[in-house]
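# Chain and residue survey
Now for the letters of each chain:
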Amino acid sequence: MDPYDQFAQWVSLLREDEAFDAEVDRLGAEAIAELRRIHAEDGLLFGDDLRRRLLALRFAHAERALRLVLSDFPAAVAWDIAPTVSMGEPAREGVVVHGWEVFGIGFQDTLVEIAVNIQADYIDEFFHVWPLCPGHRLGLKPDMRNGVGVWMCGSGPHEVARIGKTEGSRRR
Ligand SMILES: [Zn+2]
């Protein structure tokens, strides 16, 4: 069988698999590429095996994404929260970042997701929005543009920076 057909068939079977928690019809190009890699490395994964593989992928993405997102916020000393990435309880297995479960499959999806959640927590805790547009002094919103996670200013609207790359970012 043509390897492409086998991949397409597997993806369509994921609709029926409870271990797969994303909507098959709404997968972005990056998520498809991740699934293609999983398929190439591990073949036709379903159920618990698929779940373990997805969680490992999410965990790796979430760690990297969280570092980038945090670098766009004021120094950690200003936070009395210390976001961590951890696997959830077995009863509620999932990757959790500062109390928010992560659902993305592609890295950029995860980056936007975590930026939205961390920004919400930041606003709750410090009563002001961050990061700001250097031109308009308006709060920025995480969004996806051309498959990349960016901070958008509502004025225009216009893209200010990639997530993790704002001016004064504490990139490590
Ligand atoms: Zn602006």
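Residues numbered from 1 in each chain as written. Predicted model: local features only at pLDDT ≥ 70, side-chain atom pairs only at ≥ 80, totals over all residues.

What follows concerns the pairing of strand S6 (residues 158-162). In this sheet, S6 lies alongside strand S5 (residues 148-153) in antiparallel orientation, the contact comprising four bridges. Residue pairing across strands places methionine 152 opposite glutamate 159, the latter belonging to S6. Hairpin connection between S5 and S6: a loop of four residues separates the two successive antiparallel strands, and glycine 156 in this loop has a positive phi of roughly 125°. (Pairing = 2+ DSSP bridges. Helix = DSSP H or I, 4+ residues; strand = E, 2+ residues; numbered from the N terminus.)

Spanning 14 residues, helix H2 (residues 29-42) covers 20 Å between terminal C-alpha atoms, matching the ideal 20 Å at 1.5 Å per step. What H2 keeps buried is the set Glu34, Leu35 and Ile38. The arc enclosing the buried residues of H2, seen along the axis, measures out at 95°, which places them on a common side. Along H2, the residues that are exposed and aim more than 90 degrees away from the buried face are Ala29, Arg37 and Ala40. Residue glycine 43 follows H2 closely and has a positive phi angle near 75°. (Expected span 1.5 Å × (residues − 1). Buried ≥ 20, exposed ≤ 12 C-beta atoms within 10 Å, placed from the backbone. Arc of directions from axis to C-beta.)

Further remarks concern the nonpolar core. Ranked by size, the top nonpolar core spans 24 residues in total, and within it Ala65, Val69, Leu111 and Ile114 carry the most contacts. Counting only elements with at least two residues in this core, the list comes to helix H3 (47-71), strand S2 (95-97), helix H4 (107-126) and S5. Looking at this core element by element, the count peaks at seven residues for H4. By size, the runner-up hydrophobic cluster in this structure holds seven residues, among which are Leu35, Ile38, Leu54 and Leu57. (Core = buried A, V, L, I, M, F, W, Y, C linked by C-beta atoms within 7 Å.)

Attention now goes to the confidence of the model for the protein chain. For the protein chain, the average pLDDT comes to 88, and 86% of its residues sit at 70 or higher. Looking across the protein chain, the model is least confident in strand S1 (residues 85-87), with a mean pLDDT of 67, and most confident in S5, with 98. (pLDDT = per-residue confidence, 0-100.)

Our next topic: the packing of H3 against H4. Relative orientation of the contacting elements H3 and H4 amounts to 50°, with a least axis distance of 9 Å. As the angle between them shows, H3 and H4 are arranged oblique. You can see that H3 and H4 cross each other, and the crossing is right-handed. Within the contact between the two elements, H3 uses Arg58, His61, Ala62, Ala65, Leu66, Leu68, Val69 and Leu70 and H4 uses Phe107, Thr110, Leu111, Ile114, Ala115 and Ile118. Per-class residue counts for the contact of H3 with H4 are eleven nonpolar, two polar and one charged. (Axes fitted to C-alpha atoms, helices over the stretch in contact; angles between N-to-C directions. Parallel < 35°, antiparallel > 145°, perpendicular 65-115°, else oblique. Left-handed = near helix turned anticlockwise from the far one by under 90°. Contact = placed C-beta atoms within 7 Å. Nonpolar A, V, L, I, M, F, W, Y, C, P; charged D, E, K, R; others polar.)

With that settled, the discussion passes to the sheet that holds S6. Here three strands make up an open sheet; going across it, the order is S4-S5-S6 and the pairing antiparallel. Each having just a single partner strand, strand S4 (140-145) and S6 make up the two edges of the open sheet. Strand-to-strand twist in this sheet, taken as the mean axis angle between neighbours without regard to direction, amounts to 45°. Across the sheet, H4 lies against S4 and S5, angled at about 165° from S4, the strand it touches most.

This part is about unusual backbone geometry. A cis amide bond, omega -5°, links tryptophan 130 with the succeeding residue proline 131. Along the chain, proline 131 turns up in the loop between H4 and S4. Cis geometry is found at the peptide bond from glycine 156 to proline 157, where omega equals -10°. Even without glycine at this site, histidine 98 takes up a positive phi of about 50°. When you line up the elements, histidine 98 lands in the loop between S2 and strand S3 (100-101). For histidine 98, a count of 17 C-beta atoms within 10 Å translates into the label partly exposed. In this structure, phenylalanine 127 takes a positive phi of about 60° despite not being glycine.

Take the pairing of S5 next. Residues in a regular strand project their side chains so that they alternate between the two faces of the sheet. In this structure, S4 lies alongside S5, joined through six bridges in antiparallel fashion. Across the sheet, aspartate 143 pairs through a bridge with valine 150, a residue of S5. Between S4 and the antiparallel strand that follows it, S5, lie two residues; asparagine 146 among them carries a positive phi value of about 50°.

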